[in-house]
Amino acid sequence: MNRSSHRPLWRFLTLLCSLSATLTTHADVVSAVQLLREGGCGGILPAARPLHRNALLDRAAEQWSAGRSLAAAAEHSGYEAKATAALHLIGPESSAVQMLRRSNCRTVSDPSLHDMGVYQRGGDTWLVLASAYAIPAASQAPVLATRALTLVNEVRGRGTRCGERAFGPAPPVRLSGTLTGVALGHAVDMADHNYFEHRDLTGRSPADRVRSVGYRETLVGENIAYGPETAEEVVQGWLDSPGHCENIMDPRFAEMGIAYAAGHASRRGVYWVQVLAALQ
């Protein structure tokens with residue numbers, strides 16, 4: 001009953017708008033981006049918060065203009081990006097709003113993007129839009145575990161559909177400190193060694209890890225995820241995936257543990273592990 005999920009790390013978009021004439025200044029392009037975000041692309045989208053100018057993304061924009069890939073430019077700049085979008089504009093400042101709106105206003109107005117970097121050379125302007133990882137503090141772990149437990153028991157209590165399979169109400173599960181410790185151990189191991197699998201680097205399965213701490217069980221299920229930053233996001237992601245959802249809704253499970261760890265190296269997001277078990 002092992003399931004895994006993850007989401008893409010990078011998004012990439014290049015907009016090349018060829019217009020002649022006067023140079024575009026940083027402030028004018030930034031103002032055009034903010035105008036489109038605040039106005040929801042002329043009222044067709046919800047308004048988005050203004051982007052924050054970020055010096056690291058200024059550096060990333062410069063490196064991207066020099067031929068680096070967007071992913072490499074963001075990483076080399078020191079900005080720990082969860083998502084990125086890049087725009088290359090050529091043309092006069094008077095046309096910046098029109099260029100951005102016509103090319104892909106939805107990207108400019110994406111509410112998940114929070115920061116912006118700008119680099120200009122000659123008549124070209126390179127923009128990098130991004131959002132950084134928001135890693136929950138270790139002190140939040142008990143609160144997030146309790147919230148995840150509440151969300152799991154709410155859906156178990158009312159029943160739900162996992163893909164094509166319908167599940168009726170199931171008894172609530174209890175939060176287990178032992179299973180939470182097992183979940184934390186695997187989350188930290190994946191984060192420290194930059195992998196994303198149910199079977200760890202020593203070859204142990206989720207059931208092996210549970211038994212190694214003396215927990216007496218008859219059935220073990222494990223859900224893992226990479227990227228979510230809140231209990232709501234990770235539980236909903238599992239519920240949206242039939243296999244993970246079936247683990248959560250299995251009425252045989254009586255206890256669960258859940259934990260997370262911040263990644264390193266090329267994966268700096270959050271690793272989540274949920275362990276469910278049926279007692280002997």
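The residue numbers shown here count from 1 along each chain, following its written sequence. For this predicted model, a pLDDT threshold of at least 70 governs which residues receive local features, and a threshold of 80 or more governs which side-chain atom pairs are given and counted, while totals over whole chains, interfaces and linings are taken from all residues. Heavy atoms from the whole structure form the basis of all side-chain values; hydrogens and water molecules are not counted.

A. Broad picture of the nonpolar core. Residues belong to a common nonpolar core when they are buried Ala, Val, Leu, Ile, Met, Phe, Trp, Tyr or Cys residues joined through side-chain atoms within 4.5 Å. Partly exposed residues are those whose accessible area sits between 20% and 50% of the maximum for their type, while under 20% is buried and over 50% is exposed, using a 1.4 Å probe and protein chains only. Judged by nonpolar contacts, the single largest core of 27 residues is most densely connected at Val235, Trp238, Ile248, Met249, Met256, Ile258 and Trp272. Mapped onto this core, the elements with two or more residues apiece are α6 (141-158), α9 (231-239), α10 (242-249), β11 (255-262) and β12 (270-279). At seven residues, α6 tops the list of elements feeding residues into this core. Should any heavy atoms of two residues lie within 4.5 Å, those residues are counted as being in contact. For Met256, the contacting residues outside a window of four places in its chain are Leu149, Val152, Val173, Arg174, Leu175, Ser176, Leu179, Thr180, Gln274, Val275 and Leu276. Where helices and strands are cited, they refer to DSSP runs of H or I of at least four residues and of E of at least two residues respectively, numbered from the N terminus.

B. Highlighting the state of the cysteines. For the purposes of this analysis, a disulfide is any pair of cysteine sulfur atoms at a distance within 2.5 Å. In the structure shown here, the tally under the stated rule is two disulfides. For Cys41, the disulfide goes to Cys105, at an S-S distance of 1.8 Å. Taking the sign of the S-S torsion, about -105 degrees here, the bridge from Cys41 to Cys105 comes out left-handed. Here Cys41 is found in helix α2 (residues 40-43), whereas its partner Cys105 is found in helix α5 (residues 96-108), with 64 residues between them in sequence. A single burial state applies to Cys41 and to Cys105, both of which are buried. The disulfide that involves Cys162 links it to Cys245, with 2.0 Å between the sulfurs. Taking the torsion about the S-S bond as the criterion, the Cys162 to Cys245 disulfide, at about -60 degrees, is left-handed. Here Cys162, found in strand β7 (residues 160-162), pairs with Cys245, found in helix α10; they are 83 residues apart in sequence, far enough to count as distant. Of the two residues examined, Cys162 and Cys245, each falls in the buried class. Each disulfide of the chain joins two cysteines, and with those cysteines numbered along the sequence the arrangement is 1-2, 3-4.

C. View of the side chain of Ser77. When you line up the elements, Ser77 lands in helix α4 (residues 70-77). Here a polar contact means two N or O atoms within 3.5 Å. Within protein one must be a hydrogen donor candidate and the other an acceptor candidate, and residues neighboring in sequence count only if both atoms are side-chain atoms. Within the local environment of Ser77, its side chain forms a polar contact with the backbone oxygen of Leu56, the two atoms lying 3.4 Å apart. Not counting residues up to four positions away in its chain, the partners in contact with Ser77 are Leu56, Arg59, Ala60 and Gln63.

D. Representation of the pairing of β12. Counting buried positions along β12 yields nine of 10 residues, so the element is predominantly enclosed. Strand pairing requires that DSSP identify at least two bridges connecting the strands. The sheet contact formed by strand β10 (residues 217-226) and β12 spans nine bridges and is antiparallel. For Asn223, the partnering residue across the bridge sits in β12 and is Gln274.

E. Broad picture of unusual backbone geometry. Although it is not a glycine, Cys41 adopts a positive phi angle of roughly 55 degrees. Residue classification places Cys41 among the buried positions, given a relative accessible area of 4%. You will see that Asn194, though not glycine, has its phi angle at about 60 degrees, which is positive. Position of Asn194 relative to the elements: it lies in the loop between α7 (177-193) and α8 (206-212). By relative accessible area, Asn194 is classed as partly exposed at 32%.

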